[in-house]
Amino acid sequence: MAKVNLKVRSANRIAVLLDGKQVGALQSVRFSDDVGLEGVYGIGDTDPIEHVPTAARYSISLSNVVLNAQSLRKLGLVPENGAAALKGVVFDIEQYDKETGELLRKYSGCSYASGDVDVTKNAIVMSSAQFMALTVSGTGV
């Protein structure tokens, strides 16, 4: 008898939503969590007695194909210029299992940090962006 053998997560079965929208032609997303560990040392000790979390940093890096009708800028997720960045726009970035609808991970209060556009001869125009989140939740990934 045939059975389903799905034991690993595949990007083909995950949806990534930026501000509740699935951005077309998203190529890759990297989610990084850093809790800012700092070693605690005593006088005369070279080895730490503990690593204490001091400041959490949640960053998201993504790259996507630039589409004519839709871009991160047109969606308002990437500011047009420095003055627009002063508006303080924040949004959520979420990962869902496309088949079950299960929320895997949610980055809340995301702000645009930096990005670039790559225009190369005989190639698709690509853009990349880095965002910082205020907090994160979810244990699915």
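Remember, predicted model here, so these are calculated numbers, not experimental data.

Glancing now at the confidence of the model for the protein. Taken residue by residue, the protein gives an average pLDDT of 92. The fraction at 70 or more is 100%. In the model of the protein, strand E1 (residues 14–18) stands out as the element of lowest mean pLDDT, 92, in contrast to strand E9 (residues 135–137), which has the highest, 98.

Let us look at the pattern of salt bridges. Counted under the stated rule, the structure contains seven salt bridges. Measuring nitrogen to oxygen at the nearest pair gives 3.0 Å for the salt bridge that ties Arg9 to Asp97. On the criterion of sequence distance, the pair formed by Arg9 in the segment before E1 and Asp97 in strand E6 (residues 91–97) is long-range, its members being 88 residues apart. Taking the relative accessible area as the measure of exposure, Arg9 reaches 40% and is therefore partly exposed.

Cut-offs applied
Each chain has its residues counted from 1, following the order in which its sequence is written. It should be noted that, the model being predicted, local features are given only for residues of pLDDT at least 70 and side-chain atom pairs only at 80 or more, the latter also being counted only at that level, while totals for whole chains, interfaces and linings use all residues. As a convention, hydrogens and water are excluded, and side-chain values are obtained from all of the structure's heavy atoms. Residue-level confidence of the predictor is what pLDDT reports, using numbers from 0 through 100. In this description a helix means any DSSP run of H or I spanning at least four residues, a strand means any run of E spanning at least two, and both kinds are numbered starting from the N terminus. Here a salt bridge means any side-chain nitrogen of Lys or Arg lying within 4 Å of a carboxyl oxygen belonging to Asp or Glu. Burial classification: accessible surface area is computed with a 1.4 Å probe over protein chains only, and a residue below 20% of its type maximum counts as buried, one above 50% as exposed, and the rest as partly exposed.

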